[in-house]
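The residues making up each chain are set out below.
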Amino acid sequence: MSRSVLCGGVSVFQLSRRIPLLSASRCYSQSEPEPLTVREQKHGIRRIILNNPKKRNALSLSMLETLRENILTDVDGEDLRVIIISAKGPVFSSGHDLKELTSTQGREYHSKVFQTCSEVMTLIQDLPIPVIAMVNGVATAAGCQLVASCDIAVATEKSTFATPGVNVGLFCSTPAVAIGRAVPRKVAMEMLLTGSPISAHDALLHGLISKVVPEERLEEETLAIAQRVCQSSRPVVALGKATFQRQMAQGRDAAYATASKVMVDNLALRDGQEGIQAFLEKRKPVWSHKPEEVHD
């Protein structure tokens, strides 16, 4: 090879076919463009970094497909415990790439963009592991939708959130699905109808994000949450996350019935009994991280 090459391992994964994964470990020549996302993993924490700051980390179809691949790679591995999604540059994500939404592309392509986006957003909530958004900057439209779809979101004081699609003739209907389930209805409607941004503190007040921190403490605070998640049993966390999502879509009585049954199922897990026994014996639990049952 005549060109200078930066080397590392290569991973491949896709839902329907195997293709090269754009990650931090991928080999690429210096003449090739940088990957749209960078993936790193250490001590159970996977970092996925949106890596297209020149285009404001727009969620183009390619970006969405790459993000999905990075999320799904070895997602069932016991050593993966939590995912953190962040971004390079001053914009977390500006949402869809409007150049892909012109008439030139056509209805079929447009359908693929929104279908893929919806798949990524629901995937994040359906994963057996928690996903944390680490936001330092602007998150608009589908970028705001991405934040709302994550289980936890930590943002800096300078971060802002908006759904400005109405101002360019494209109402943020798909972002509204996630945002409308994260904030009060009237707050969501004001964001959707005016397109005006809200501050990080207002986003915290209304429940769009979990915590606001100074910029210099963003990574420290986010990693502290991720590390705390890693201290718990993987199957217990997976069961709890899935149950939370399920019962939130139910009425009160059905939600209690669902949650009560799952509590019993949780007690049947090896790690469920290990945690209780460790508490009674005043010791630190030793998790198996396996979804094994010890009784019927």
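These remarks concern the structure in this document. Please read all numbers here as calculations on a predicted model, not as lab measurements.

1. Comments concerning the sheet that holds strand β8 (residues 138–140)
With mixed pairing, the 4 strands of this open sheet are ordered in space as β6-β8-β10-β11. The open sheet is flanked by β6 (91–93) and β11 (198–199), the only strands paired with a single partner. Relative to β8, β6 is paired through 2 bridges, and the arrangement is parallel. Pairing of S93 across the sheet is with A139, part of β8. Strands in contact with helix α3 (residues 142–149) are β6, β8 and β10 (160–162); relative to β8, the strand with the most contacts, it is inclined by about 100°.

2. Things to note about the pairing of strand β7 (residues 131–135)
Burial within β7 is extensive, with 5 of its 5 residues counted as buried. Residue alternation in β7 divides its side chains into two sets, V131, A133 and V135 and I132 and M134, and both sets are buried. Bridging between strand β5 (residues 82–87) and β7 involves 3 bridges; their strand directions are parallel. Its bridge partner being in β7, I85 is matched across the sheet by A133. Relative to strand β9 (residues 152–156), β7 runs parallel, the two sharing 4 bridges. Counted as the bridge partner of A133 is A153 from β9.

3. Regarding the sheet that holds β7
Judged by pairing direction, the sheet is mixed, and its 6 strands sit side by side in the order β3-β4-β5-β7-β9-β12 without closing on themselves. Both outer strands of the open sheet, β3 (37–42) and β12 (211–213), are each paired with one neighbouring strand and no more. Here the strands of the sheet are splayed against their neighbours by 20° on average, with no regard to which way each runs. The pairing of β9 with β12 spans 3 bridges and is parallel. Following the sheet pairing, A155 is matched in β12 by V212.

Each value, and the rule that gives it
- Residues numbered from 1 in each chain as written.
- Predicted model: local features only at pLDDT ≥ 70, side-chain atom pairs only at ≥ 80, totals over all residues.
- Heavy atoms only, no water.
- Pairing = 2+ DSSP bridges.
- Helix = DSSP H or I, 4+ residues; strand = E, 2+ residues; numbered from the N terminus.
- Contact = heavy atoms within 4.5 Å.
- Axes fitted to C-alpha atoms, helices over the stretch in contact; angles between N-to-C directions.
- Buried < 20%, exposed > 50% of the residue type's maximum accessible area, 1.4 Å probe, protein only.

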